[in-house]
Amino acid sequence: MLDENLPTFFFRRSSDNALLRLLFFTQNGSEPAPEYSLQKIDPNLPQSRNKYAVALGDAGFPDVIFGEVCIEPEFQQPSLSAAEARQANGAPPLPVPLIPDGFTIQLYNPEQQVAVKGEKSTWTGKESWEFEIPQRSFPLPSASRIDREQTNPVANALSPKVLFKWKRDSKFSKDMTCYMIGTSVGGRKSKDPDITIAMYKHGREPYVTIYEPNLRRLDIEDRKGLEVVLLLGAEVIREIYLTPNRDSFNIAGAPNKRKNSRPIPTSSTCPTHMPFMTGALGNMPPAKTTSPITQQPTPPLDAETIRLQTLVQQEEREREKRDLEEQKRIKRMLEEEEKERKRRDAEVAKETERLRKQFGMEGQDFGPRPNLPPRTPFGAGPGSQLQPPVPPPRPVSAEPRPHHSGGGFGGWFHGLGTSPGAPMGQGYGYGNPQPGPSSGRRRVGSADSGKMLKKKSTFF
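Keep in mind that what you see is a predicted model, and the values were worked out from it rather than measured.

**As for the sheet that holds strand S9 (residues 112–120)**
Spatial strand order, S1-S2-S3-S4-S5-S8-S9-S10-S11-S12-S13-S14: 12 strands in a closed barrel with antiparallel pairing. Pairwise comparison of adjacent strand axes, ignoring direction, gives a mean angle of 25° for this sheet. Along the sheet, helix H3 (residues 223–242) contacts strand S1 (8–13), strand S2 (20–26), strand S3 (33–40), strand S4 (52–58), strand S5 (65–71), strand S8 (102–107), S9, strand S10 (127–134), strand S11 (161–168), strand S12 (176–185), strand S13 (188–201) and strand S14 (207–210); its crossing angle with S8, the most-contacted strand, is approximately 145°.

**Here's the deal with helix H4 (residues 303–359)**
Note on helix geometry: an α-helix contains 3.6 residues per turn, so any two residues three or four positions apart are oriented the same way. The first and last C-alpha atoms of H4 sit 84 Å apart over 57 residues, in line with the 84 Å expected at 1.5 Å per residue. Listed in full, the buried residues belonging to H4 are Thr305, Val312 and Glu316. Considering only its buried residues, H4 is in contact with helix H1 (82–87). With its phi angle positive at about 70°, Gly360 sits one or two positions after the end of H4.

**Some details on the nonpolar core**
As a rule of thumb, soluble globular proteins bury nonpolar side chains together. Phe103, Ile105, Phe131, Phe164, Trp166 and Leu230 are the most contacted members of the largest nonpolar core, which totals 47 residues. Considering each element in turn, this core owes the most residues, 12 residues, to H3. Those residues in contact with Trp166, other than ones at most four positions away along the chain, are Glu127, Ser128, Trp129, Phe131, Met176, Thr177, Cys178, Ala198, Tyr200, Leu230, Ala234 and Ile237.

**Some words on H3**
Taking 1.5 Å of rise per residue, the 20 residues of H3 would be expected to cover 28 Å, and the 26 Å separating its terminal C-alpha atoms lies within 8% of that figure. Where H3 starts, the residue carrying a side-chain oxygen 2.9 Å from the main-chain nitrogen of Gly225 turns out to be Asp222.

**Describing the confidence of the model for the protein**
Mean pLDDT over the protein stands at 75; residues scoring 70 or higher make up 67%. Every residue in residues 253–298 is under pLDDT 50, and counting partners more than four places away or in other chains gives 56 contacts. Note on residues 404–448: pLDDT is under 50 here. Beyond four places in sequence and across chains, it has 34 contacts.

Parameters and conventions
- Residues numbered from 1 in each chain as written.
- Predicted model: local features only at pLDDT ≥ 70, side-chain atom pairs only at ≥ 80, totals over all residues.
- Heavy atoms only, no water.
- Pairing = 2+ DSSP bridges.
- Helix = DSSP H or I, 4+ residues; strand = E, 2+ residues; numbered from the N terminus.
- Axes fitted to C-alpha atoms, helices over the stretch in contact; angles between N-to-C directions.
- Contact = heavy atoms within 4.5 Å.
- Expected span 1.5 Å × (residues − 1).
- Buried < 20%, exposed > 50% of the residue type's maximum accessible area, 1.4 Å probe, protein only.
- Core = buried A, V, L, I, M, F, W, Y, C linked by side-chain atoms within 4.5 Å.
- Polar contact = N/O pair within 3.5 Å; in protein donor to acceptor, adjacent residues only side chain to side chain.
- pLDDT = per-residue confidence, 0-100.

Here is the structure:
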């Protein structure tokens, strides 16, 4: 239950009558009390065959009917396979009802017909049922006789109407929610944001909750008619679309769920007088039932039934004959394929033998392998250690001859220069330096060759 303060109607079965369901009303946490009654048509009546009919009336006064629904579906003859026809002994199959896309709710006082149209979403697969209720349902009071003789505002096509839609919560759920989706004037619809009006919850005790806060946003005169349409529409959608049943349409000749050899008693639990206002729910006496014990024996089969049985047997024999011929054809085809494969293998072997006799084995032996010198592994022989490449000698730079005096800048320039006749690689770590006079570089081949000499400043 969504909220105990909201108006809620519970659908409960009657313990006295299997065709009667009571709607208990509760609000603001009060104890549920019977408010409406849902009465189905008696399946034993002759006019109830191949029909679905239900009426919503007052729980205390059954003679008061607020609305009703009568659905007469179209029937289709199903096609049976050979096995199903043989199981049915050639008897024609029972027609299958086609569930209609919509239905009509008939309201009384004032009389009004509300068409409920069903549709299914191709994207999500969810089903929905749309209907509309006029904003004005009652004629305005007037002292004029002309105004009183005017047609009912409900029948006026130009009167504005409010659009509603029942939507399933999901594809696999049987719960529904009713929304107000817009308005319609003269056939032109205007979409509005969905406004929740009612919610239906499916279960062992289904119930409908009216979302009362949003009713203030509805511009509808007949609030009672809207309530009847919501309750009656939810019941019809549940029985016809959510939980469809073959017995819902009272198909003639359909097997009953409960088999009993005793005759059906006529007691007060099955009322014979039903206060329905349409031809489908009329005041007709119940049909007379007889016990299966006193029933007459089954009549013999007629010529049509015998002809159908013969036709079914002939079709069965022809089908078995076709299956046997197909098996023989497949076996023969497999044998031919096996023979063809063996023939190709024999031809290949024969051609191979002919080529062997004609050309022999010459050219297929490439002779002994040539004697190649053995390869030495990398880094095993002498000279395998890599020596750093010797760079080419630098050209002697043209600089002023050094002065032999120890003062001035001659010593500094002399230290930076290279003595003539000295090899270029000495003093730079190339090769083995020979002992001799210093070349004036910071790294020389003397005893101090591994030290960095401090740079002498010229100005300090």
